[in-house]
Amino acid sequence: RLDVELIQCDITNSKDVENAVQGCEIVFHCVGVGGSRSHAMKINVEGTENVLNACKKFNVERIVYLSSIVVHGEKIYNGLNESSPFISYNDAYADSKIEAENIFWKKTAEYGLSASVIRPTYVWGPLSQYYTIDFVQQMKTNRFYLVDNGDHDCNAVYVDNVVDLCLLCAHHPKAIGEAFIAADSDK
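Report on the accompanying structure. A quick note: this is a predicted structure, and the numbers were derived from the prediction, not measured. (Residues numbered from 1 in each chain as written. Predicted model: local features only at pLDDT ≥ 70, side-chain atom pairs only at ≥ 80, totals over all residues. Heavy atoms only, no water.)

Another aspect to go through is the pattern of salt bridges. Summed over the entire model, instances satisfying the criterion amount to 5 salt bridges. A salt bridge links Lys15 to Glu18; the nearest nitrogen and oxygen atoms lie 3.7 Å apart. Separated by 3 residues within a single helix, Lys15 and Glu18 lie in helix α1 (residues 14-21), roughly one turn from each other. When the shortest N-O distance is used, the salt bridge between Lys42 and Glu46 registers 3.8 Å. You can see Lys42 and its partner Glu46 sitting in helix α2 (residues 37-57), 4 residues apart, about one turn around the helix. Overall, Glu46 belongs to the partly exposed group, its relative accessible area being 35%. (Salt bridge = Lys/Arg side-chain N within 4 Å of Asp/Glu carboxyl O. Helix = DSSP H or I, 4+ residues; strand = E, 2+ residues; numbered from the N terminus. Buried < 20%, exposed > 50% of the residue type's maximum accessible area, 1.4 Å probe, protein only.)

Written out as structure tokens, the structure is:
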């Protein structure tokens, strides 16, 4: 749909990642999977290390990492912000994102890479199976339920807003070394 070159690679294979990163000025690291603990750690943590090593090797100007709000615990709470502590709650995906983000900050500092982190809440938009299409299909079959009668915030973010934040982080000098929570306003 877009005028982009797609390169297939195995993020756990450092040579594949180097081939994908070579020649790039800006890298958006958007990989994140769940599943078993070993699978999540292999993809999310090893993959992040491979991306960072390739960025250092090829002198990438800027790297933007899409982490996740789950690094702050299993519930979004009032007062939560980018400096809130990471909270492990024995979830393979969340724990792997915490470890990957810790490695990201350590290695970007060590390598002198200009970097930012984005921690999206629940991303929704066109073609989003989990947070858009599934809900509509549930409604069509009368299998859709509102938790607590729909009286609480959803804490979602529209995909275009995440993309806008990614682009801002890729270019704005004040974004370097910063983390951002991506969530839409309740207004």
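Below, the discussion takes up the pairing of strand β2 (residues 62-66). Of all 5 residues in β2, 5 are buried; the element is thus mostly enclosed. By the alternation rule, side chains of β2 split into Arg62, Val64 and Leu66 and Ile63 and Tyr65, which are all buried. Pairing analysis gives 4 bridges linking strand β1 (residues 26-29) to β2, with the strands arranged parallel. If you follow Val27 over to β2, its bridge partner there is Ile63. The parallel pair β1 and β2 is bridged by α2, and the resulting crossover is right-handed. Pairing of β2 with strand β3 (residues 115-120) involves 4 bridges; the strand directions are parallel. Within β3, the residue paired with Leu66 across the bridge is Ile118. (Pairing = 2+ DSSP bridges. Right-handed = clockwise from strand over helix to strand, strands pointing away.)

Function cannot be inferred from these measures alone, as they are strictly geometric.
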